[in-house]
Amino acid sequence: MERTFLAIKPDGVQRKLVGEIIRRFETKGFTLVGLKFLQVSRELAEQHYDVHRERPFFGSLVEFITSGPVVAMVWEGDGVIASARKIIGATNPLSAEPGTIRGDFGVNIGRNLIHGSDAPETAQREVALWFKDEELVNWQPHL
Ligand code: CMP
């Protein structure tokens, strides 16, 4: 079954949007298989954003994701990677459609509330980076 990595960033936590954000993936019908609340280390942040290392905003990305607690999650379901990206909305909240998380709650590209893996390879890499195998729960909802 397909899995994706999602992280509610420090702005989402500080704005008390954790419940609202999780609700959107639950009510859509996806299955939560991993969840933790953590203060991200600089090392983890740099590895997570490694593809952006040469970008001018790399330093501010790392500063921000390490600035306060984050909710890291793994969600499972058919097509969950692409569907979660739709639920999250465009990277820049100003371009994100109303009805999406970023479209409804955000205005700043650097404070865009939530990260979601963008492709199967990225999802696999990010799930393995943030979670040990034994931290993931294999279960199926009885629906
Ligand atoms: P995220 O999904 O976490 O992945 C990379 C992040 O880089 C992205 O969300 C944005 O928060 C951030 N980002 C992308 N473009 C810019 C930019 N031009 N300036 C600042 N941050 C950016």
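As annotated in an unreviewed UniProt entry, the protein chain carries the name Nucleoside diphosphate kinase and is attributed to Nostoc paludosum FACHB-159. Listed under Cofactor (unreviewed entry) in UniProt, the entry text for the protein chain is "Mg(2+)". Listed under Subunit (unreviewed entry) in UniProt, the entry text for the protein chain is "Homotetramer."

Moving on, we come to the UniProt feature "binding site: ATP" (unreviewed entry) in the protein chain. According to UniProt, the positions carrying the feature "binding site: ATP" (unreviewed entry) are Lys-9, Phe-57, Arg-85, Thr-91, Arg-102 and Asn-112. Structurally, the position occupied by Lys-9 is in the loop between β1 (3-8) and α1 (10-14). If sequence neighbours within four positions are ignored, Lys-9 has contacts with Tyr-49, Phe-64, Ile-65, Pro-69, Val-70, Asn-112, Leu-113, Ile-114 and His-115. By the secondary structure assignment, Arg-85 is in helix α5 (residues 80-88). Looking at Arg-85, the relative accessible area reads 35%, which means it is partly exposed. Those residues in contact with Arg-85 that sit more than four places away from it in its chain are Gly-116, Ser-117 and Asp-118.

Okay, the pattern of salt bridges next. Summed over the entire model, instances satisfying the criterion amount to eight salt bridges. In this structure, Arg-42 and Glu-46 form a salt bridge, with 3.7 Å as the shortest nitrogen-oxygen distance. Taken as a pair, Arg-42 and Glu-46 lie in helix α3 (residues 42-48) at a separation of four residues, close to a single helical turn. With relative accessibility at 24%, the residue Glu-46 sits in the partly exposed group. One salt-bridge network, in which partners are shared between bridges, spans Glu-20, Arg-23, Arg-24 and Asp-104.

How each quantity is defined
Residues numbered from 1 in each chain as written. Predicted model: local features only at pLDDT ≥ 70, side-chain atom pairs only at ≥ 80, totals over all residues. Heavy atoms only, no water. UniProt positions renumbered as here; feature names shortened; annotations may be inferred. Helix = DSSP H or I, 4+ residues; strand = E, 2+ residues; numbered from the N terminus. Contact = heavy atoms within 4.5 Å. Buried < 20%, exposed > 50% of the residue type's maximum accessible area, 1.4 Å probe, protein only. Salt bridge = Lys/Arg side-chain N within 4 Å of Asp/Glu carboxyl O.

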